[in-house]
Amino acid sequence: MIGTVLCYLLLPAARLLRALRDAFFTCRKKVLLAKSPTTQVGGISSVPSRRSVPEEEEALLQQQLEEEAGGLHSCESAPAVGNVSATVTSDWLEGSELLMTSLSNLNVASEITWCSDQQHDELHTLMSLGPKEHVGITLAKLPEEESVAMVGIAPWSAVRTQTDHQISGCTPSALEREDEDTAVLGWSFAHDTEIVPVEATAWPVYDTGQFQPFPAERSYHEILWRDWEDLCIQPAVPELGSENGPLFEFRVMSYNILAQDLVEQSPDLYLHCQPDILDWSYRLPNLLQEIQHWDPDVLCLQEVQENHYWEQLEPTFRMMGFMCLYKRRTGKKTDGCAVCYKHSRFQLISASPVEYFRPGLDILNRDNVGLVLLLQPLLLEGVGQTATSPLCVATTHVLYNPRRGDIKLAQMALLLAEVDKVAKTVDGSYCPVILCGDLNAVPDSPLYKFIRNGQLFYHGMPAWKVSGQEDFSQQLHQRKLQTPLWHSSLGITDNCQYVSLCQPKKSDRRKYSRDFLLQFRFCDAACERPAHLILWKGVTDVKPDRPAHWPKHLLMMNDPDPELFFPRSPGVIRHGLNLTSAYSHFLPQRGRPEVTTMPMGLGATVDYIFYSAEPIENGNEGGRRLYRDGALKLLGRLSLLSEDVLWLANGLPNPFCSSDHLCLLVSFGLEISSA
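Residues numbered from 1 in each chain as written. Predicted model: local features only at pLDDT ≥ 70, side-chain atom pairs only at ≥ 80, totals over all residues. Heavy atoms only, no water.

Asker: Explain the overall build of the protein chain here, please?
Answerer: Tallying secondary structure elements over the protein chain gives 15 helices and 27 strands in all. Going through the 675 residues of the protein chain one by one, you find that 45% of them count as buried. Surface exposure of the protein chain reaches about 36,100 Å², of which carbon and sulfur atoms provide 53%. (Helix = DSSP H or I, 4+ residues; strand = E, 2+ residues; numbered from the N terminus. Buried < 20%, exposed > 50% of the residue type's maximum accessible area, 1.4 Å probe, protein only. Areas by Shrake-Rupley, 256 points an atom, 1.4 Å probe, with all protein chains shown as cover.)

Written as structure tokens, this is what we have:
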């Protein structure tokens, strides 16, 4: 209230400072309560009360004013007070009370200014007016330096004052921001036409009980700082490759963005999160801002909800210069995978969606999917660059269930068979391949080794061990992998290739003609009557006599090798794509493993970006095949974080990272030929 403010100008300096000190913390509380219906202050939840009636305060201040009026005569021997400004809320015409007083200049204001008789009369006039009788005052939220007209009063200038968080100690530049919180935005009035400078002074904290100053929020980069690792500047190892020639450089991002339907279906997984940060309206801007910040050329997404993709993500990505392809999971699932690429840098050659659900096959009865693209890099014209190899990009989200490693292997075999088909060139070699996604398997697990080393001996392996997510070794009954892993009707060989596209080498081809098979009709195995065969005299009780011309070496074949007729899988699966991981899965500077997600509060790596490389001859280290860069070179990557660092931000998701996974970002260089 104007009367309340102006009365403060008439109190002695000591009492003024004490009153302002008490008013400061009282008004600070009111500002906090004005921001939200329920405010947490010092660990205590408070609800804003109804506005107090200002008449009682005015009566008390009127009495104090009369007691002090005897000493008010003139302005002589009275030093000037600093420009004291009063802040009121923008809706004070509706009867709101005084919020706070600007404290910026009170450090140097040790005394007050005595008023003249005319000014004294004006003060009494203002005090006699009720809050609803100020019809002569036009007050609104005005831009800076715009004056406010008042009837019978000298011109007053409107200036923007500090908000509550600025008082605790912000830089002066923060006062110039135009996007301040309008819920607590007030206006200061100075008895002159000039703008009152407001400095952000850090005030000492007095004994205020539960009202303690709020700690300033730590920024994203202070908590979840991720370094960019430039790998192309590392010293070259002569035996691992030569210096790079002309390269087509591009960035690939893989990101599981957490479908909103999955959040709502499993709320128990996110009890550590504030409900507000789980809302899609909060998460979507964060995700888009993060993607736009890192600016990938190829974007591979998992857990993309279908309606969000068509209504929000795809239109936004299209405005960002992406062409997008999407594959929803089969069945009743509402999310899927998407691959987006910058149309200014790549041209689409082919796109192949992969569905892992196959009716009638128990090992492929889940609704996961994959997406395989063949892209042609677009080179700049007129710089002497002529051609480059196509690029195969594949992404997938493999089944999560830690107990069903057999399904995970079968799904990965299907994806690799499609990649083998798309990436194979006319001469039988492969173009560069990038395979990324959420594989739901930890590093050095059998599934990981299968992708990286190119083969896996699986016969008799417990199914839970394939992904390494959890240890079920104490269970009595464990599902074990049997040979063959999948039925031949799937049309996939043990080399993760489509049977229809495989042409066996002539040297491995065996011709079983009629004459060849008839040679075995008199061997011991053929002449032995099976025990379960019904005995019919003259039919099944007769043992044929061997002819005299029967070859002697066939007479000795009592148990011919069944592999001669029906080749069986030896319990091993392979692929020939030569893939290695773009990440090392370990943070040497911290001595901790990298983490891409934190299910149930435990950090783990389940997201990967694999890329084509050349295996080193006789290169094997601890069961890991060694590679060197080939046509596709690893230039850099965005570092991952450790579990302890993520806990500083309350795990995943958090206010800074709006998914339960971290994004992976890698920079590649593709060799190009020059004119």
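There's plenty left to go through after this.
Asker: What is the right way to read helix α9 (residues 306-319) from this model?
Answerer: Think of an α-helix as turning once every 3.6 residues; residues three or four places apart then point the same way. Here α9 is 14 residues long and its end C-alpha atoms lie 19 Å apart, about the 20 Å a rise of 1.5 Å per residue gives. Considering bend angle alone, the principal kink of α9 is centred on L313 and spans about 40°; proline P315 follows within four residues of it. Of all the residues in α9, the buried ones are H308, Y309, L313, E314 and F317. Buried positions along α9 lie against α7 (260-265), α8 (280-294), β10 (298-305), β11 (322-328) and β12 (335-342). (Expected span 1.5 Å × (residues − 1). Bend = angle between axes of the 7 residues up to and from the residue. Contact = heavy atoms within 4.5 Å.)

Asker: How should the packing of helix α10 (residues 405-423) against helix α11 (residues 446-453) be read in this particular structure?
Answerer: Helix packing for two helices is described by the angle between their axes and how far apart those axes are. The interhelical angle for the contact between α10 and α11, taken along N-to-C directions, is 20°, at an axis separation of 11 Å. Relative to α11, α10 is oriented roughly parallel. Like other packed secondary-structure pairs, α10 and α11 cross with a definite hand, here right-handed. Contacts from K408, L409, M412 and L416 in α10 reach L447, F450 and I451 in α11. (Axes fitted to C-alpha atoms, helices over the stretch in contact; angles between N-to-C directions. Parallel < 35°, antiparallel > 145°, perpendicular 65-115°, else oblique. Left-handed = near helix turned anticlockwise from the far one by under 90°.)

Asker: Teacher, can you tell me more about the pairing of strand β25 (residues 624-628) here?
Answerer: One face of the sheet, then the other: side chains in a regular strand alternate in exactly this way. Relative to β25, strand β24 (residues 614-621) is paired through 4 bridges, and the arrangement is antiparallel. Residue E614 lies in a different strand from β25, and its bridge partner there is R628. Following β24, the chain reverses through 2 residues before pairing antiparallel with β25; G622 in that reversal takes a positive phi of roughly 60°. (Pairing = 2+ DSSP bridges.)

Asker: Before we go on, may I ask you to explain the side chain of H575 in this structure?
Answerer: Structurally, H575 is set in the loop between β19 (572-574) and β20 (579-581). Excluding residues that lie within four positions of it along the chain, H575 makes contacts with L416, F450, I451, G454, N495 and C496.

Asker: Can you help me understand the sheet that holds β20 in this one?
Answerer: Within a sheet, neighbouring strands are paired by backbone hydrogen bonds and run either parallel or antiparallel to one another. Taken in spatial order, the 6 strands of this open sheet run β13-β14-β16-β17-β23-β20, and their pairing is mixed. On the outer flanks of this sheet lie β13 (346-355) and β20, each paired with one strand and no other. Averaged over all pairs of adjacent strands, the angle between strand axes in this sheet comes to 20°, irrespective of strand direction. Judged from the 6 bridges that link them, strand β16 (residues 391-397) and strand β17 (residues 433-438) form a sheet pairing that is parallel. Bridged to A394 within β17 is L435.

Asker: Please explain the pattern of salt bridges as it appears in this structure.
Answerer: Should their charged atoms come close, side chains of opposite charge can pair. For the coordinates displayed, the defined rule picks out 14 salt bridges. The residue R318 makes a salt bridge to E314 at a minimum N-O spacing of 2.5 Å. Placement of both R318 and E314 in helix α9 is noted, with a separation of 4 residues, approximately one turn of the helix. Residues R590 and D644 are paired through a salt bridge, measuring 2.5 Å at the closest nitrogen-oxygen approach. One end of the pair, R590, is in the loop between β21 (586-587) and β22 (592-593); the other, D644, is in helix α15 (residues 643-648), with 54 residues separating them in the sequence. Residue R590 is classed as partly exposed on the basis of its relative accessible area, which comes to 40%. Here the salt bridges do not stand alone but share partners, grouping R590, R592 and D644 into one network. (Salt bridge = Lys/Arg side-chain N within 4 Å of Asp/Glu carboxyl O.)

Asker: Is there a simple way to explain the packing of α8 against α9 in this structure?
Answerer: Closest axis-to-axis distance for the α8/α9 pair is 12 Å, and the angle between their directions is 30°. In terms of axis orientation, α8 runs roughly parallel to α9. In this structure, the crossing between α8 and α9 has a hand that is right-handed. Touching W280, L284, L288 and I291 of α8 are H308, Q312, L313, T316 and F317, all from α9. Here the contact of α8 with α9 is composed, by residue class, of 6 nonpolar, 3 polar and no charged. (Nonpolar A, V, L, I, M, F, W, Y, C, P; charged D, E, K, R; others polar.)

Asker: Looking at this structure, I do not really get the packing of aromatic side chains. What am I missing?
Answerer: One pair of aromatic rings is described through two measures. These are the centre distance and the angle between the planes. Under the counting rule described, the total for this entry stands at 12 aromatic pairs. With a centroid separation of 5.6 Å and 90° between ring planes, the pair formed by F250 and F346 is classed as edge-to-face. One end of the pair, F250, is in strand β9 (residues 247-256); the other, F346, is in strand β13, and 96 residues separate them in sequence. Per residue, the accessibility class of F250 equals that of F346, and both read buried. (Phe/Tyr/Trp six-rings, centres within 6.5 Å; stacked < 30°, edge-to-face > 60°.)

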